[in-house]
Amino acid sequence: MIDRGLGYILLLDSGNTRLKCRAVSLFHPELSFQEQILAETSIANDDIDQLGVVLQDYQQRFGQLVHVYGVSVAGEAIQKHCEAVVGHVVDTASPITWLAVMQSHLGLQNHYALDQIGKDRWYGVLGAYTHALAQVSGYSAFLYISFGTATTIDAVIAQDYVGGVILPGVQLMQRSLFQGTAQLPEVRLPHTPAIAFPKATYAAIEAGIAIAQAGAVMRQVQKFYRDYQRVPSLLVSGGARKGVLAEIQQAYQEWAEPLQLPPLKLIELETPVLDGIHQVLLKS
Ligand SMILES: Nc1ncnc2c1ncn2[C@@H]1O[C@H](COP(=O)(O)OP(=O)(O)OP(=O)(O)O)[C@@H](O)[C@H]1O
Ligand SMILES: CC(C)(CO)[C@@H](O)C(=O)NCCC(=O)O
């Protein structure tokens, strides 16, 4: 039973497309991680004022907002905008604590350039790491893939985050073809494997983007297997993932079956960055 008198903590993941918010109660150690989550919502970046409405609603339901912790890769203007909205509700000089990236967190070593890595990547990796430890027999060998504004494919083996790649996201690929050409339409990806040799424009773009995204994932799966002799699990998040998953599954199967490798272990995560922040706060 949540005690409204203790209030709640707000977690923010400010991305290039959306602001993801989670209200949590960290004042009840008897509650499980999942039970501590009071509410979750997301707000488009061009509608950040909506955060004020969300905070009013949360205040009525969960009591006073005690503090806000967040990570941001959306740029200073959005960051300041969030602070201004939260500043109306929290009466302190720094209404949001923007979290930093550490060399090591939750026992995971970070081998990426600390001054360069997107905070969402590191906290997303941490969120994925805790899921991997819980769901995949206590040993982590996985790729954390975020199909967000950009697509990122990050690799973890045992207790090391060894790095990863960045490529244009699904919608950036769609838009760049639409905006950079005279004749190509904007497409939406179906949730099916890509056609091998499309014979019409729309299908050709759909398949081209799906194989570019899935191909990048497969290439990293193969390199992971080559370098670490383990088939990585895939922990996948982001709004654009649904259009790519079927192609990944098919590409994996075609590679793995002749080599008699195990079936693909694929876990979808809704909000791994918020999970990562939440876990770090719990353990600190
Ligand atoms: N069903 C869909 N099909 C294709 N693209 C989609 C779909 N849903 C969302 N997208 C696009 O995918 C991109 C990322 O989506 P979303 O905002 O959910 O991810 P995100 O991980 O929250 O991104 P970020 O953290 O970069 O803001 C956006 O450009 C969005 O328009
Ligand atoms: C790659 C994105 C855009 C993914 O959201 C973000 O993590 C970011 O801006 N990163 C900074 C560069 C880096 O991670 O190396």
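Treat the numbers as computed from the prediction; the structure is a model and nothing was measured. (Residues numbered from 1 in each chain as written. Chains lettered and ligands numbered in written order. Predicted model: local features only at pLDDT ≥ 70, side-chain atom pairs only at ≥ 80, totals over all residues. Heavy atoms only, no water.)

## Description of unusual backbone geometry
At Leu106, a position not held by glycine, the phi torsion is positive, near 50°. The phi dihedral of Gln260 is positive, around 55°, even though this residue is not glycine. Along the chain, Gln260 falls in the loop between helix H7 (242–256) and strand S12 (266–268). With relative accessibility at 75%, the residue Gln260 sits in the exposed group. (Helix = DSSP H or I, 4+ residues; strand = E, 2+ residues; numbered from the N terminus. Buried < 20%, exposed > 50% of the residue type's maximum accessible area, 1.4 Å probe, protein only.)

## A few points about the UniProt feature "binding site: ATP" (unreviewed entry) in the protein chain
If you check UniProt for "binding site: ATP" (unreviewed entry), the listed places come out as Asp13, Ser14, Gly15, Asn16, Thr17, Arg18, Leu19, Lys20 and Thr149 in our numbering. Annotated residues spanning 137 residues; largest pairwise C-alpha distance 13.5 Å, indicating a single compact cluster. Tracing the chain through its elements places Ser14 in strand S1 (residues 8–14). Once residues lying within four places of it in the same chain are set aside, the contact partners of Ser14 are Leu19, Val71, Ser72, Val73, Ala74 and Ile78. At 3.4 Å, the side chain of Ser14 forms a polar contact with the side chain of Ser72. With respect to the helices and strands, Arg18 occurs in strand S2 (residues 18–24). The class of Arg18 is partly exposed, set by a relative accessible area of 34%. Those residues in contact with Arg18 that sit more than four places away from it in its chain are Asp13, Ser42, Ile43, Ala44 and Asn45. (UniProt positions renumbered as here; feature names shortened; annotations may be inferred. Contact = heavy atoms within 4.5 Å. Polar contact = N/O pair within 3.5 Å; in protein donor to acceptor, adjacent residues only side chain to side chain.)

## Focus: the site of ligand 1
As a matter of local geometry, ligand 1 sits amid 13 residues, with Thr17, Arg18, Lys20, Thr149 and Gln171 nearest to it. Arg18 places a side-chain nitrogen or oxygen 2.8 Å from an oxygen atom of ligand 1. At 3.4 Å from a nitrogen atom of ligand 1 is found a side-chain nitrogen or oxygen belonging to Arg188. Summarising the interface, the protein chains cover 79% of the accessible area of ligand 1, which totals 620 Å² for the free molecule. Here the residues of the shell around ligand 1 sort into 2 nonpolar, 8 polar and 3 charged. Taken domain by domain, the makeup of the shell around ligand 1 includes at least three residues from each of domain 1 (4–98) and domain 2 (105–272). (Near = heavy atom within 4 Å. Areas by Shrake-Rupley, 256 points an atom, 1.4 Å probe, with all protein chains shown as cover. Nonpolar A, V, L, I, M, F, W, Y, C, P; charged D, E, K, R; others polar. Domains from an automatic or database assignment.)

## What to know about the UniProt feature "active site" (unreviewed entry) in the protein chain
The positions UniProt marks with the feature "active site" (unreviewed entry) are Asp120. Locating Asp120 in the fold gives a position in helix H4 (residues 119–135). Once you skip the residues sitting within four places of it in the chain, Asp120 turns out to touch Asp13, Val71, Val73 and Val273.

## A closer look at the site of ligand 2
Within the structure, ligand 2 sits among Asn16, Tyr112, Gln116, Ile117, Gly118, Asp120, Arg121, Thr152 and Ile166. Here an oxygen atom of ligand 2 and a side-chain polar atom of Asp120 are 2.6 Å apart. Burial of ligand 2 by the surrounding chains reaches 75%, relative to a free accessible area of 380 Å². Residue composition of the shell around ligand 2, by class: 3 nonpolar, 4 polar and 2 charged.

## Looking at a nonpolar patch on the surface
A cluster of nonpolar residues, Leu6, Phe27 and Val66, forms a patch on the protein surface that exposes about 220 Å² of accessible area. In this fold, Val66 is placed in strand S4 (residues 65–72). (Patch = residues over 30% accessible without salt bridge, like charges linked within 9 Å, V, L, I, M, F, W, Y side chains within 5 Å. Salt bridge = Lys/Arg side-chain N within 4 Å of Asp/Glu carboxyl O.)

## Comments concerning the state of the cysteines
In this structure the tally under the stated criterion is 0 disulfides. The thiol of Cys21 is unpaired, and the distance to the nearest cysteine sulfur, on Cys82, comes to 7.9 Å. Accessibility expressed as a relative area gives 0% for Cys82, which makes it buried. (Disulfide = S-S within 2.5 Å.)

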